[in-house]
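# Observations on the three-dimensional arrangement
Residues per chain, in single letters:
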Amino acid sequence: MSGGRPINPRGTRYEKVEFPVFEFPVVGKARYSYTTGEALGRFLAGLKEGKILGTYCAKCGRIFVPPRIYCSYCFKEVDGWLEAKDEGVVVTAVMSYISATRARLERPVAVGVIKLDAPGRQFDDHFFPGIMHYICGASEDDVKSMRIFGARVKAKWKRPEQRTGSISDIECFEVVRP
Amino acid sequence: MTGRNLNFKHRVAVVGAGLTLFRSRLLETPQELAWLAAKQALDEAGLTLKDIDCVVIGSAPDAFDGVHMKGEYLAEGAGGIHKPTIRVFVGGATGVFVPIAAWWHVASGLCKRVLAVAEEKMSHAAKPHTQYVFRYIWDPIVEKPLNPNLIWIFAMEMHRYMHKCGVKKEDIALVSVKNKRNACGHPSAQLCMPNITVDDVLKSEVLVWPVQLLDISPTSDGAAAVVLASEEEARRITDTPVWIKGIGWTLDTTHWTNRDLAYPEYVRRAAEMAYRMAGIDNPRKQIDVAEPYDPFDYKELHHMEGLGLAKKCEAPILTREGVTQRDGDLPINPSGGLLGVGNPIAAAGLMKVAEIFWQVRGEAGERQVKKPVYTGLAQAWGDLMQAGTVIVMGI
Amino acid sequence: MRRIKHFPEVMEIEAYIYTAGPVGTKWLEALRAGRLTAARCPKCGRLFMPPKRFCPYDFEEVKELREVEPVGVVETYTVVERDFYGEPLRERKVLAFIKFPDVEGGLIHYVKTDNPQMGMKVRPKWREERRGLVTDIEYFVEI
């Protein structure tokens, strides 16, 4: 058996591009205007009013937050809208030391997935109404020790005049301290 | 013996494979990278471009190379001019989806010898940082306004897995150590680290706790290629064709905040599909070597469980006991995986398929696992925690 | 129920840095030196401009660059009247596909002429200061 494969893989590595210079700045950023559709349109309007709205499928019993107008499991239209509570339980949380551009943040932020309460319903871990958001009131140690898992959190809303109809109308989900 | 539920017109085999170097910055243009890998695969199979009748190309988001229809752009370098050529794309799962699509071409009887090429040039999207391209992955309405960094999702999944299974970072770091050391036997490897220890991983920069710098695979440029042939052709080309015994692929919802992150359901379903085809009902015993997708160290454990190679929450125990080392009972990622060899998104999965091909033939050199290999598995995963692709190969 | 119908967003990569590859880089260096070259396949002898690292017919590696006489022929052309944003240009521009004898491919470039013709013979007008880009040729003029 001759030497292992691949034999002499090729490629020319380089460190910095000195010459030729082919840097193309993206001139005029492409601006998008996403249509929110039936479901998210109402979801965002609800956020402006300080409510978290969802849809439900009567056939399988699932509740969708963020809402959709179809149940992707039964493949039919949902049966109606409901209001989920703006509080719930932390399903998973992490501590970010870097920003979206990978720069170091001055102060780390906690982020996680929150399983929201819905009136009269229980959910297991398999499928539940949940959203990603910032978590405030949690220390680095709360996250590293995993104490934050299962903690109860409640939405901290911006003032009504500051809301624009966006997920950031909620500043963060605050840990509920007894 | 093995019962196959499905009848195909033609059995399909892999008869050659090729790889370029994987590095963070390669000078070659995307077509040239595709050509380097394709030429090596053809040479290994003893074929020329004229012998190929169909071409399948795999490449991940156009936003990396910075060219529209980036797959078709590669056609010249992948031998796809004036031939039936298609490009497939399922995010990171593309690398294993490329041979799956190539399998369709041959199994249907439509093509006899197919060249399958995957390429990625991530270094083109240079400013502010290649990772920035991943911002397109988020839901623009309910997630992007929060200014997320991609690593958040992996950190959340990793932390949930750690919480559910009671796994410590030390156990997960063992995977990074194993793979970055394994990579030293791979000629294309970007990150061979022969002396890396668990301590090194735990002391590396914390990006998004619990994810640290040495838990992650690098961004890379690179290309890979394989040649597939029908049974008749394969026996003419080589004495040791490696048969494709099973394929599977599955997609899950992009609403990843609505489901349990501790277990990859989409991998399980894709694996089930492949195992059913291959007649495998006890993967832990019937798979001799596996290359699950490992862009992060915890992902190897996560996917091992999804593939049924370990029971839920058992994968870290197997790793700790050395079962997944090259000389262990179930070697995992003997190539060094994405953590060690590199992660040019689409080419990485195909690199794993090439590894299984060479392992089955006994041609993996230093990386050859100790136990005899009859059946191997490669798996890839992509997009927003959704797409799973699996391929089972052997003799 | 009220709906918020649109959500604005901006796509964000700031800049791409493309590389020309090993043979492409040599070709650009030749341009900077004021020479027009084409890549030659060792097997079939075909010449390619812009250069290719591999021959798409034989799949053989191409390493050699041969100098090409700077006499091109206009294969086809178009007259550009408006700029990228749709505003009328001050001066009309002629954009042509210029082929060179025995070379596969050719160059897309401007031709400075008031009377463009198919089959017109042209030669490059080089810039004084060259950087290793296709624009080191300012435009082509009729011979």
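The structure presented is a predicted model; accordingly, all values stated were derived computationally and were not measured. (Residues numbered from 1 in each chain as written. Chains lettered and ligands numbered in written order. Predicted model: local features only at pLDDT ≥ 70, side-chain atom pairs only at ≥ 80, totals over all residues.)

### What to know about the overall build of chain C
Using the following cut-off: Secondary structure elements follow DSSP: runs of H or I no shorter than four residues count as helices, runs of E no shorter than two count as strands, and numbering proceeds from the N terminus. Only the C-alpha atoms count toward the radius of gyration. The rule for a globule is 2.2 Å times the residue count to the power 0.38. Three classes are used. A residue is buried when 20 or more other C-beta atoms lie within 10 Å of its own, exposed when 12 or fewer do, and partly exposed in between, with C-beta atoms placed from the backbone.
Across its full length, chain C carries one helix and eleven strands. When the helices and strands of chain C are placed in sequence order, the string is β-β-α-β-β-β-β-β-β-β-β-β. What you see for chain C is a C-alpha radius of gyration of 20 Å, clearly larger than the 15 Å of a compact globule of 143 residues, by over 25%. In terms of its C-alpha atoms, chain C occupies a principal-axis envelope of roughly 70 × 40 × 30 Å. Taken across its 143 residues, chain C has 29% of its residues classed as buried.

### Overview of the overall build of chain A
To keep it simple, the criterion reads: What counts as a contact is two residues whose backbone-derived C-beta atoms lie within 7 Å of each other.
If you tally the helices and strands in chain A, you get two helices and twelve strands. In chain A, the succession of helices and strands from N to C terminus is β-β-α-β-β-β-β-β-β-β-β-α-β-β. On C-alpha atoms alone, chain A measures out to a radius of gyration of 23 Å, which is more than a quarter above the 16 Å that the 2.2 N^0.38 rule sets for 178 residues. For chain A, the C-alpha atoms occupy an extent of roughly 65 × 50 × 45 Å along the three principal directions. Across the 178 residues in chain A, those meeting the buried criterion constitute 39%. Looking at chain A alone, contacts between residues at least 24 apart form 52% of all its contacts between residues at least 6 apart.

### Things to note about the sheet that holds strand 3 (residues 52-56) of chain A
Residues and elements named next belong to chain A. Inclusion rule: Strand pairing follows a simple DSSP-based rule, namely that at least 2 bridges must link the two strands.
If you trace the three strands from one edge of the open sheet to the other, you get 4-3-7, paired in antiparallel fashion. Of all the strands in the sheet, the pair left with one neighbour each is strand 4 (63-64) and strand 7 (80-84). Examined bridge by bridge, strand 3 and strand 4 share two bridges and lie antiparallel to one another. Within strand 4, the position partnered with Thr 55 by the bridge is Phe 64.

### Section: the interface of chain B and chain A
To be explicit about the condition: Side-chain classes are defined by residue name, with Ala, Val, Leu, Ile, Met, Phe, Trp, Tyr, Cys and Pro counting as nonpolar, Asp, Glu, Lys and Arg as charged, and the others, Gly among them, as polar.
If you look at the interface, chain B gives 54 residues, while chain A gives 48 residues. A per-element tally of the side of chain B that touches chain A places helix 5 (residues 151-165) of chain B first, with six residues. Across the side of chain B that touches chain A, the residue classes break down as 25 nonpolar, 18 polar and eleven charged. Relative to strand 5 (residues 206-209) of chain B, strand 8 (residues 87-98) of chain A runs antiparallel, the two being bridged by two bridges. Bridge assignment links Ser96(A) to a residue of strand 5 of chain B, and that residue is Val208(B).

### Points about the nonpolar core
Filter applied, for reference: The term nonpolar core refers to a group of buried residues, namely Ala, Val, Leu, Ile, Met, Phe, Trp, Tyr and Cys, whose C-beta atoms join them within 7 Å.
Residues Val117(B), Val226(B) and Leu228(B) are the most contacted members of the largest nonpolar core, which totals 211 residues. Looking at this core element by element, the count peaks at twelve residues for helix 14 (residues 345-361) of chain B. Residue contacts for Leu228(B): discarding those within four places in its chain leaves Val12(B), Ala13(B), Val14(B), Pro99(B), Ala102(B), Trp103(B), Val106(B), Val114(B) and Ala116(B). Val74(C), Val94(C), Val111(C) and Phe140(C) belong to the second largest nonpolar core, which has eight residues in total.

### Points about the sheet that holds strand 8 (residues 103-105) of chain C
Residues and elements named next belong to chain C. Note the following rule: With axes taken as lines fitted to C-alpha atoms, and helix axes fitted only over the stretch in contact, angles between N-to-C directions fall between 0 and 180 degrees.
Pairing is mixed in the open sheet, where four strands are placed in the order 5-3-4-8. The open sheet has two edge strands with one neighbour each: strand 5 (64-67) and strand 8. For this sheet, the mean angle separating the axes of adjacent strands, direction not counted, is 45°. Pairing analysis gives four bridges linking strand 3 (residues 37-40) to strand 5, with the strands arranged antiparallel. Among the inter-strand pairings, Ala 38 is bridged to a residue of strand 5, identified as Arg 66.

### Some details on the environment of Ala13(B)
All names here are of chain B. Tracing the sequence through the fold places Ala 13 in strand 1 (residues 12-19). As a C-alpha pair, Ala 13 and Glu 231 span 218 residues in sequence and 6.6 Å in three-dimensional space. Beyond its immediate chain neighbours, meaning those up to four positions away, Ala 13 contacts Leu 228, Ala 229, Glu 231, Ala 234, Pro 241, Val 242, Trp 243 and Ile 244.

### Let's talk about helix 6 (residues 169-182) of chain B
Residues and elements named next belong to chain B. The condition is simple: In a helix, the anticipated span is given by 1.5 Å times the number of residues less one.
Here helix 6 spans 20 Å end to end across 14 residues, near enough to the 20 Å set by a 1.5 Å rise per residue. Most of helix 6 is tucked away, with twelve of its 14 residues classed as buried. By the burial criterion, the buried members of helix 6 are Lys 169, Asp 171, Ile 172, Ala 173, Leu 174, Val 175, Ser 176, Val 177, Lys 178, Asn 179, Lys 180 and Asn 182. As for helix 6, its buried residues are in contact with helix 7 (198-203), helix 11 (297-306), helix 12 (315-320) and helix 13 (337-341).

### Focus: unusual backbone geometry
Across the junction of Arg5(A) and Pro6(A), the peptide omega takes the value -5°, indicating a cis bond. On the secondary structure map, Pro6(A) appears in the segment before strand 1 (23-25). The step from Met49(C) to Pro50(C) runs through a cis peptide bond, and the omega angle for that step is -5°. Looking at where Pro50(C) falls in the secondary structure, it is placed in the loop between strand 4 (47-49) and strand 5. The phi angle at Met69(B) is positive, at roughly 45°, despite the residue not being glycine.

### Some points on the environment of His133(A)
Take His133(A): it is sitting in strand 10 (residues 130-136). Looking at His133(A), the number of C-beta atoms within 10 Å reads 24, which means it is buried. For the pair His133(A) and Ala93(A), spaced 40 residues apart in sequence, the C-alpha to C-alpha distance is 9.5 Å. If near-sequence neighbours (up to four positions away) are discounted, His133(A) is found in contact with Ile114(A), Ile170(A), Cys172(A), Phe173(A) and Leu146(B).

### Notes on the confidence of the model for chain C
This is how it is decided: Think of pLDDT as the predictor's per-residue confidence, scored from 0 to 100.
The share of residues in chain C with pLDDT of 70 or more is 97%, and the mean pLDDT across the chain is 90. Both scores are given for the predicted complex: the pTM is 0.90, the ipTM 0.88.

### Quick look at the packing of helix 4 (residues 94-107) of chain B against helix 14 of chain B
Residues and elements named next belong to chain B. The test is simple: If an angle is under 35 degrees, it is roughly parallel; if it is over 145, roughly antiparallel; if it lies from 65 to 115, roughly perpendicular; otherwise it is oblique.
Between helix 4 and helix 14, the shortest axis-to-axis distance is 6 Å and the interhelical angle comes to 60°. In terms of axis orientation, helix 4 runs oblique to helix 14. The residues of helix 14 that touch helix 4, namely those facing Thr 94, Gly 95, Val 96, Val 98 and Pro 99, are Ala 346, Ala 347, Ala 348, Gly 349, Leu 350, Met 351, Lys 352 and Val 353.

### Let's talk about the packing of helix 6 of chain B against helix 11 of chain B
All names here are of chain B. It is the contact of helix 6 with helix 11, at a shortest axis distance of 7 Å, that shows an interaxial angle of 100°. One way to sum up the angle between helix 6 and helix 11 is to call them roughly perpendicular. Counting all contacts with helix 6, which are made through Ile 172, Ala 173, Val 175 and Ser 176, the residues of helix 11 involved are Asp 297, Tyr 298, Glu 300 and Leu 301. Classifying every residue of the contact of helix 6 with helix 11 gives five nonpolar, one polar and two charged.

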